[in-house]
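# Observations on the three-dimensional arrangement
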Amino acid sequence: IDRASGPQLEIGEQVPAFSAPGLDGGTVSWSDVEGTPTVLVVWASWCPHCQAELPILVPATQARDGIELMSVTTAIGQNPGPTPSAFLADEGLVLTTAVDDEAGTLMQGLGVSSFPTVYYVGADGSVVNATLGESPEGAIEENLDAIEAS
């Protein structure tokens, strides 16, 4: 990742370039979604707030043409709970997911301090809004509207 660590990305700040192994194999890179409004969610499979939000966030985002969805799963195995693959399968969710390393390199580089952290990113690669923890469906839709218009 092109940012070693730091605070949460701020509105207007560019999402740093990163590349990591994909949960389903291959490589996931931020450059894959360049030029497209994107929702970037950083989550942990054992996190109850992530378990509540992802089943709302993922279909809401995927229902919108022209908005990409990318996730980073991190803190794997740090607490009891399902594996990332098992959680997604149990919920019937399919999304491009990068796997962070044991040191939490992506988490730190993206300025994540709580789960889930969701960055709503405009087509120019800059953060339009960021949310920490669970967001109600109405707030998710408002954030999707904002990046759709970007």
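Since the model is a prediction, treat every value here as computed from it, not as a measurement. (Residues numbered from 1 in each chain as written. Predicted model: local features only at pLDDT ≥ 70, side-chain atom pairs only at ≥ 80, totals over all residues. Heavy atoms only, no water.)

Regarding its fold elements, the chain presents four helices and seven strands. Going from the N terminus to the C terminus, the chain shows its helices and strands as β-β-β-α-β-α-β-α-β-β-α. A compact globule built from 150 residues should have a C-alpha radius of gyration of about 15 Å, and the chain, at 14 Å, falls within 12% of that. Expressed as lengths along the three principal axes of its C-alpha atoms, the size of the chain is roughly 40 × 30 × 25 Å. Per-residue burial over the chain gives 47% buried out of 150 residues. In the chain, of all internal contacts separated by at least 6 residues, the share reaching a separation of at least 24 is 73%. Of the accessible surface of the chain, which amounts to about 6,700 Å², a share of 49% is contributed by carbon and sulfur atoms. (Helix = DSSP H or I, 4+ residues; strand = E, 2+ residues; numbered from the N terminus. Rg over C-alpha atoms; globule rule 2.2 N^0.38 Å. Buried < 20%, exposed > 50% of the residue type's maximum accessible area, 1.4 Å probe, protein only. Contact = heavy atoms within 4.5 Å. Areas by Shrake-Rupley, 256 points an atom, 1.4 Å probe, with all protein chains shown as cover.)

Attention now moves to the side chain of Ser29. Here Ser29 lies in strand E2 (residues 27-29). Assessed through its relative accessible area of 14%, Ser29 is described here as buried. Within polar-contact distance, the side chain of Ser29 engages the side chain of Ser19 at 3.0 Å. (Polar contact = N/O pair within 3.5 Å; in protein donor to acceptor, adjacent residues only side chain to side chain.)

On the secondary structure map, Gly111 appears in the loop between helix H3 (105-109) and strand E6 (117-121). Between the C-alpha atom of Gly111 and that of Ala149, which follows or precedes it by 38 residues, the distance is 25 Å. Not counting the four nearest positions on each side in its chain, Gly111 is found in contact with Arg3, Gly6, Pro7, Gln8 and Tyr119.

Taken together, five strands build an open sheet; the order of strands is E5-E4-E3-E6-E7 and the sheet is mixed. The two strands at the open ends of the sheet, each matched to only one other strand, are strand E5 (96-99) and strand E7 (127-132). Strand-to-strand twist of the sheet, defined as the mean angle between neighbouring strand axes without regard to direction, takes the value 20°. Sheet topology places E6 next to E7; five bridges connect them, and they run antiparallel. (Pairing = 2+ DSSP bridges. Axes fitted to C-alpha atoms, helices over the stretch in contact; angles between N-to-C directions.)

Another point: the nonpolar core. Among the nonpolar cores identified, the biggest contains 43 residues, and Val39, Leu40, Leu54, Leu110 and Phe115 are the most heavily contacted of them. When residues of this core are traced back to their parent elements, those giving at least two are strand E3 (38-43), helix H1 (48-62), strand E4 (68-73), helix H2 (84-91), E6, E7 and helix H4 (137-148). Those residues in contact with Leu110, other than ones at most four positions away along the chain, are Ile1, Arg3, Gln8, Leu9, Val15, Pro16, Leu40, Val42, Val72 and Tyr119. (Core = buried A, V, L, I, M, F, W, Y, C linked by side-chain atoms within 4.5 Å.)

With that settled, consider the environment of Glu137. By secondary structure assignment, the location of Glu137 is in helix H4. Residue Glu137 is classed as partly exposed on the basis of its relative accessible area, which comes to 47%. As a C-alpha pair, Glu137 and Val118 span 19 residues in sequence and 13 Å in three-dimensional space.

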